Amino acid sequence: MNTLNRNCYRCSRNILCGVLLLLLFSPSFAAGQTQSGFRLQSVSVQTRSSGLPILARTGDCVAWRTGSGLIWLDRRGQSIAEAKATFLKHAASSDASTIATLEKIIKAGEREGETTLALRWFDREGRPQGNYIFSQHSDDPLPQFLFDTAGSNLLVVQPAIARLIFLNRSGQVTREQQLFSDAPYSLERPFLLAASAEAFVVLSQPAPSTTGKLVAPVLCRFSVAGDELWRRELAPGTAGALAISDDGRWLVAARYAVVSDEGAHSPRVESTVSFFNHRGDLLVTVNGLFRQALFAKNGARALLMDRRQLRMVSLPSGKLQWQINLSRKTEMLVDIAATAGLDKIFALAGASVFKDNRFLFENNRLLGFNGQGKQQFATSLKQALSSPKLLVSEDGQKLVLAAEGLLQNFIVSNVAK
């Protein structure tokens, strides 16, 4: 072998060795994995003239709420029970084994300007489980209510008077209290709720902030029975968003304020996002806002969705891992869903319009990202959507898009790269 050939042989051998070393020390190779992406395939579409599907965390449709009531379905999608009423709102436990509804009722001796409301809840087969009757002023905003994730307890909030009502599954009041002892009556008081299996969290404020006076939002954590565990003040402004991890380990709360700097031509919006642990310790505060948050099951990071932005942050440091901004100026992020490890992320983006006395989203797209923020697909949707919601199954193999009159199922399949 001449000198030139020997040098070429050595060079090729060194390159090959280097490639093998890179592969051997690659995490995916060491774990016996190959790099892959994922994509969507639509497998079924159900449509109705009206009605909103109610989903369990598995992605199964448990019931439809229509203009005339609730219709429960069995595992095959056949109707098994119906409750007829004009329900104003509903809430479901995370597995949809319990569904609560709110309706107006006529009560004998009702005073002028008073509205009587009935909160009723049902099991998976549509059997009544409990009810709670209460009254409020006719001008008050509708109460907010939600279950803990176990579906065992219910929190009801009347925002105008800052009143909290904690109920157990049978409808008994376990605790009733005012969130603020001296709060004035207010139709504009923000009230945000979230729940885990063992806690309810509330973000509100004694009075709305105004241009001349900023009021500090207050973050409170309660046991599911209504015992107050702690409360913390945020920086003055307006309560913006709230979320809690499924295990109750992490809480995240946002607030914003419109401020005018001396000498500035126009005011600016100052916004912050604060992370707390389950004891109420403030971990970190970062700039920005969010409208929805998802937490990794191992508690290592969180995904924040704002109007046009997705951010992945580390926990508990709040350090930014990656950020994605929508490129189309007319669209906004509507909803997100993700697998337990936040390694498969699905986002719905669309343009908001107001038609026929309701908000719709048009020119919608389903976007997919991996855990590192790399886009995997963008799927256009033809139909306009009202009240859309995304849900991904726990194994990450099924994605469901639910909206007014629509239930669409997708299979999520891995693609080798």
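Residues numbered from 1 in each chain as written. Predicted model: local features only at pLDDT ≥ 70, side-chain atom pairs only at ≥ 80, totals over all residues. Heavy atoms only, no water.

(A) Just the sheet that holds strand β18 (residues 238-244), in detail. The sheet built from four strands is open, its strands ordered β18-β19-β20-β21 with antiparallel pairing. Sheet topology places β18 and β21 (282-287) at the edges, where each strand pairs with a single neighbour. In this sheet, neighbouring strand axes are inclined to one another by 20° on average, regardless of whether the strands run parallel or antiparallel. As judged from the ten bridges shared by strand β19 (residues 250-259) and strand β20 (residues 268-277), these two strands associate in the antiparallel manner. Note on β20: the bridge partner recorded for Ala253 is Ser274. (Pairing = 2+ DSSP bridges. Helix = DSSP H or I, 4+ residues; strand = E, 2+ residues; numbered from the N terminus. Axes fitted to C-alpha atoms, helices over the stretch in contact; angles between N-to-C directions.)

(B) Expanded view of a nonpolar patch on the surface. Taken together, the side chains of Ile161, Tyr185 and Leu187 present a nonpolar region at the surface, about 280 Å² in accessible area. Along the chain, the position of Tyr185 falls in the loop between β13 (173-178) and β14 (191-195). The exposure class of Tyr185 is partly exposed, given its relative accessible area of 45%. (Patch = residues over 30% accessible without salt bridge, like charges linked within 9 Å, V, L, I, M, F, W, Y side chains within 5 Å. Areas by Shrake-Rupley, 256 points an atom, 1.4 Å probe, with all protein chains shown as cover. Salt bridge = Lys/Arg side-chain N within 4 Å of Asp/Glu carboxyl O. Buried < 20%, exposed > 50% of the residue type's maximum accessible area, 1.4 Å probe, protein only.)

(C) Seen up close, the nonpolar core. Counting 20 residues, the largest nonpolar core has Leu40, Phe346, Leu348, Leu366, Leu399 and Leu401 as its most contacted members. Only β1 (36-47), β26 (332-338), β27 (344-355), β28 (358-370), β30 (389-392), β31 (398-403) and β32 (406-416) provide two or more residues apiece to this core. The residues contacting Leu399, other than those within four sequence positions of it, are Leu40, Phe346, Leu366, Leu391, Val392, Gln408, Asn409, Phe410 and Val412. (Core = buried A, V, L, I, M, F, W, Y, C linked by side-chain atoms within 4.5 Å. Contact = heavy atoms within 4.5 Å.)

(D) Representation of empty space enclosed by the protein. This model, assessed by the stated rule, comprises one cavity of 30 Å³ or more. Approximately 30 Å³ is the volume attributed to the largest cavity. Lining the largest cavity are Arg308, Gln309, Leu310, Ile324, Asn325, Leu326, Leu333, Leu367 and Phe369. Elements that contribute at least two residues to the lining of the largest cavity include exactly β24 (309-314), β25 (320-325) and β28. (1 Å grid on protein atoms, 1.4 Å probe; cavity = no way out; pocket = protein on both sides within 12 Å on 5 of 7 lines; lining within 4 Å. Points joined across faces, edges and corners; volume = space filled by probe spheres on them.)

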